[in-house]
Structures are given as C-alpha cells and as structure tokens.
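The residues making up each chain are set out below.
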Amino acid sequence: MDWVFRNSGLVLELTGQHIVFSLVPVLIGLVLAVPLGWLANRTALGRSLTLNVAGFLYTLPSLALFVFLPPIIGTRILDPLNVIVALSVYVLALLVRTVADALDAVPETVVNSATAMGFRPGWRFLTVELPMAVPVILAGLRVAAVSSISLVTVGSVIGFGGLGKMFTEGFQREIPQQTISGIVLVLLLAVVVDGLLLLAGRTLTPWDRSARSRRTAGRAV
Amino acid sequence: MTYLGWLFSSENWAGSAENPGIAQRLVEHLGYTALTLLIALVIALPLGAWIGHTGRGGLMVVGIANALRALPTLGLLVLLFLAVGLGLLGPLIALVILAVPPLLAGTYSGVANVDPSIVDAAKGMGMRGPEVLFKVELPNALPLIIGGVRSALLQVISTATIAAYVGLGGLGRFILDGLSQRDFPQMIGGSILVALLAIVADLLLGGLQRLLVSPGLQQRGAQAGPGRLRLIRGGAGTDRARAA
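A. The overall build of chain A, seen in detail. From N to C terminus, chain A includes ten helices and zero strands. Sequence-ordered secondary structure for chain A, helices as α and strands as β, is α-α-α-α-α-α-α-α-α-α. Here the C-alpha coordinates of chain A stretch approximately 65 × 45 × 30 Å along the principal axes. Each of the 221 residues in chain A was classed as buried or not, and the buried ones make up 43%. If you take every contact in chain A between residues at least 6 apart in sequence, the share linking residues at least 24 apart comes to 70%.

B. Layout of the overall build of chain B. Helix and strand counts for chain B stand at eleven helices and zero strands. For chain B, the α and β elements follow one another from N to C terminus as α-α-α-α-α-α-α-α-α-α-α. Evaluated residue by residue, chain B yields a buried proportion of 45% over its 244 residues. Of the contacts formed within chain B by residues at least 6 apart in sequence, a portion of 74% connects residues at least 24 apart.

C. Focus on the confidence of the model for chain B. Confidence in the prediction of chain B, expressed as mean pLDDT, is 84, and 89% of residues score 70 or more. Within the model, the stretch residues 221-239 of chain B combines pLDDT values under 50 with 34 contacts to residues more than four positions away or in other chains.

D. The packing of helix H2 (residues 8-42) of chain A against helix H3 (residues 44-59) of chain A, seen in detail. All names here are of chain A. At a minimum axis separation of 5 Å, H2 and H3 run at an interaxial angle of 135°. Taken as axis vectors, H2 and H3 run oblique relative to one another. The two elements H2 and H3 meet at a crossing, and its hand is left-handed. Contact residues: H2 offers Leu36, Leu39, Ala40 and Arg42, while H3 offers Gly46, Arg47, Thr50 and Leu51.

E. Expanded view of the interface of chain B and chain A. Listed as interface residues are 42 residues of chain B and, on the opposing side, 41 residues of chain A. For the side of chain B that touches chain A, the element with the highest residue contribution is helix H9 (residues 184-212) of chain B, accounting for ten residues. The class makeup of the residues in the side of chain B that touches chain A is 30 nonpolar, seven polar and five charged.

F. Here's a closer look at the environment of Val136 of chain B. Residues and elements named next belong to chain B. Positionally, Val136 belongs in helix H7 (residues 129-162). Of the residues examined, Val136 has 20 C-beta atoms within 10 Å and is grouped as buried. Once the C-alpha coordinates of Val136 and Val119 are considered, the two residues, 17 residues apart in sequence, prove to be 7.1 Å apart. When near neighbours in sequence (up to four residues on either side) are disregarded, Val136 contacts Ile118, Val119 and Ala122.

G. How the structure looks around the nonpolar core. With 120 residues, the main nonpolar core has Leu95 and Val96 of chain A together with Leu77 of chain B as its most contacted residues. Sorting elements by how many residues they give to this core places helix H5 (residues 80-104) of chain A first, with 15 residues. In contact with Val96 of chain A, not counting residues within four places along its chain, are Ala33, Leu36, Gly37, Ala40, Thr50, Leu51 and Ala54 of chain A.

H. Here's a closer look at the environment of Val62 of chain B. Residues and elements named next belong to chain B. The residue Val62 is located in helix H3 (residues 58-68) in this model. We classify Val62 as buried; it has 20 C-beta atoms within 10 Å. Taking the C-alpha atoms as reference points, Val62 and Pro101, separated by 39 residues in sequence, lie 8.5 Å from one another.

I. Quick peek at helix H9 (residues 176-204) of chain A. End to end, H9 of chain A covers 42 Å across 29 residues, agreeing with the expected 42 Å (1.5 Å per residue, within 8%). Within H9 of chain A, the full set of buried residues consists of Gln178, Thr179, Ser181, Gly182, Ile183, Leu185, Val186, Leu189, Ala190 and Val193 of chain A.

J. Quick look at the packing of helix H2 (residues 22-54) of chain B against helix H5 (residues 89-112) of chain B. Contact geometry of H2 of chain B with H5 of chain B gives a least axis separation of 7 Å together with a crossing angle of 35°. The crossing of H2 of chain B and H5 of chain B is right-handed.

What counts and what doesn't
Residues numbered from 1 in each chain as written. Chains lettered and ligands numbered in written order. Predicted model: local features only at pLDDT ≥ 70, side-chain atom pairs only at ≥ 80, totals over all residues. Helix = DSSP H or I, 4+ residues; strand = E, 2+ residues; numbered from the N terminus. Buried ≥ 20, exposed ≤ 12 C-beta atoms within 10 Å, placed from the backbone. Contact = placed C-beta atoms within 7 Å. pLDDT = per-residue confidence, 0-100. Axes fitted to C-alpha atoms, helices over the stretch in contact; angles between N-to-C directions. Parallel < 35°, antiparallel > 145°, perpendicular 65-115°, else oblique. Left-handed = near helix turned anticlockwise from the far one by under 90°. Nonpolar A, V, L, I, M, F, W, Y, C, P; charged D, E, K, R; others polar. Core = buried A, V, L, I, M, F, W, Y, C linked by C-beta atoms within 7 Å. Expected span 1.5 Å × (residues − 1).

As structure tokens, this is what we get:
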C-alpha cells in the first residue's frame, strides 16, 4: 500500500476516471432496461425478442466488443465513448432480464387491488409495480455495477484510462506493487459501490424490511 | 465495411512460419480453452457435488463466486505474469481461477436445489448416499451444471483473448498485434473471430444441454419462468455476470 501513498495524485486521478467509466454505463443501462423489461414482461413476442437479443449481446467477449464497436457506431477506435457504450450494452443485457423477472414476481393480488382502486395502467406501473420490483432490480443492479467496475480495466489493454492503467503500467515497468494496489483498489471500489447500492435499496423500500426478515428466517439453508 | 477484407484473405488464414495465421491462432485459442475447462472441471465438479450433497460450506461457495466477480481479470493476468514469468503457466492459472467459481456454483446449487421429495423417494427405494448422488441428484442438477459450464466457457474464451496482452497466443494476438502495428482491419477481424467463437461455443453447449438433460426436467424448466428467481437457492443459475 506504500506505493499508493507515494503516487496518490495518479491514483486519485485514475480512481476518478474509473468511477465515471464504470458507473455512467450502469445509469444508462438501468434507464434503458426499465422500458425494455416492461416490454418483455407485457408481451410474449417482446419477451422472446428482448431476452434473446440480451443473451446474444451478453455472449460477446468484452475486448472484442471494445474493438468492433467503433465501425458500427462511428466513433474513433480509441474513443472513451466505446467503453461506455460497450459497458452500457452489458448492463442493459443483464438488467432487462432482471427487470422482466422482477415485474413477473409482483403479486397479482397487489396489481388487481391497485386496478380496483382506480389506478390507470401507466400510473399503476410507476407507483405500484415498479416500486414493488425494486428489491429484485436492485439485486441485479448490484451485480451489474460490480461487474462493470471490474470490466472497465479490460479497456486499458487498448489504452483507456481508469484503474486498469495500474495493470498495464505495472506490466510494462514490472512493478508488482502497482499491480497489486490496482487489484485492491478495484475490489475496494466494488465493495463500496455494492454497499452504497444495498443501503440505497433499503432506504427506497422501507416496507420490505419486515418482509425480508421473514423471508430469510423461513429460508432453509 | 472495408474492414472485413482482412478476414477473408486466404493469406491471413494460412499465415507464415514467423507470423502464424488465423487457423493456427484459432487452434491455440481452442486448446487453451479446452485445457482450462478440463482442469477446472476436475476441481469443481467433485467439490461442488460433495458440497451440494452434504450441504456443508454452501454459503462459502456462493460468497467466493460473488467476490470473484469483482476481481479484475487483467490485474490477475499481469500479477501472475510478474510472479511466474512469460509462458503458458501464468495465464493458465489465471484462467482456471476464473473458471472454477461458475462451475462450482453451478454444480453446488444444482445438487442442493434438487427437490427434497425426490431425494427422499430415492432413499425410500433403498438407495445409498453415492447412488442418490449419481443416479438422482446429478442428473437432476444437470441444467444448472451445464449453465455453470456455459458461464465458465464464455469467461475463459474472453479472458484467453485478454491474455494475449501478457504474451499468450490465440485470437487475442490479432487484436494486440493489430493495435501495435496500427493495423485496424486486423484488430477488428480478430475481434469478430473471438465474438464468433464465443457465440458458436455457447450455442453448441446449449444444444448439448438439450441432448443431455432429461425431457421431463426441460419441460419443468420451461414452465417455471416467473418463479425461477425464488426456485433457485444460491442464485448461481440466474446471474451469469461477466468478469471479462
């Protein structure tokens, strides 16, 4: 860890870049996944279409996607935008399924009572179904965020910034300390973001607390 | 799409003595992938089956699988390169480390999630522990086990590509060599090959799953759409989160 303190300027700059490169895609992916997940939940055609496309996109290896995106979306080959778009694609592919599953799991009785109370479908989706789906969506979001934080580092192979630079520089100059510090920082960042998302989820769904303790108590492990 | 010319040149496929072509790189990539999966299966299958069968250490498996998702593959590759040096051993260790958790989690949650009444019925028919495991639990766990193999396979194909950075052969060479020579058609051609390899490999395993898994299980899997999240304890089957 000594290495980190001697190079704190560089480390802070790379960490800042890393946060932007990894979390902006999570936001973009989430915003796009909600309407698409809704579509997948509503119609059989929408379901098979979105889930198959998501499964296909998820199969693509990250380094390959970073490289062949530019000719498709018209960016330069080493544009940071490529990494952001590629990671958004992965987050979206992961979350579409989660959102669809989460909406499926909303109890029908709750939806029916909301309808009986006079909620219109659009308003009911925003104020009843979506909030009920938050715990499951959040679980998926945590996975997406952690995997995004780890994936950004792959971009450094073709010259992108972020903490992955600690690995490429550590490799070129053969400094194991820099490489190890990089791994530790990425893991720390993942743990912190994961914890913050967990906390945000608890604050967003106060009604789920009692249900959660019941669920864990009833689960035979 | 002037980029695609590189892919369809027979010269690039054949290569030369000092500059291996696409065919040889493809064989290398497949070789690393097969070797890694073989080693990882030998480690993960017995361990996962034992943990799932006895129920001991299950939480640990899920915890390790989750924690490893955050581990940056490039960092691991570089670290092992610095520790072991140039050659196959470093990348191979890294690949096995990344392939074991999805296999372990798939096998464990597959065996642990077999309907208890089925296991009871098998015991009631007079089956002993090993018999229950091999004749009942493992066949029933097959969908999740193959799910784990598919995640591991994608992980290994992706990471083997990145391992070109620390000097490994395989299809990743075209991306890295193309980058250093500013030969973008070569880079893009290489990345398309890697993507195709991943897609074909995943489709083949999907087909294998249909062949191997008992028809009764496949039907139940299809019906269990909405409730699937809660059906699978341990959650390994639902998130194939990628780390490469």
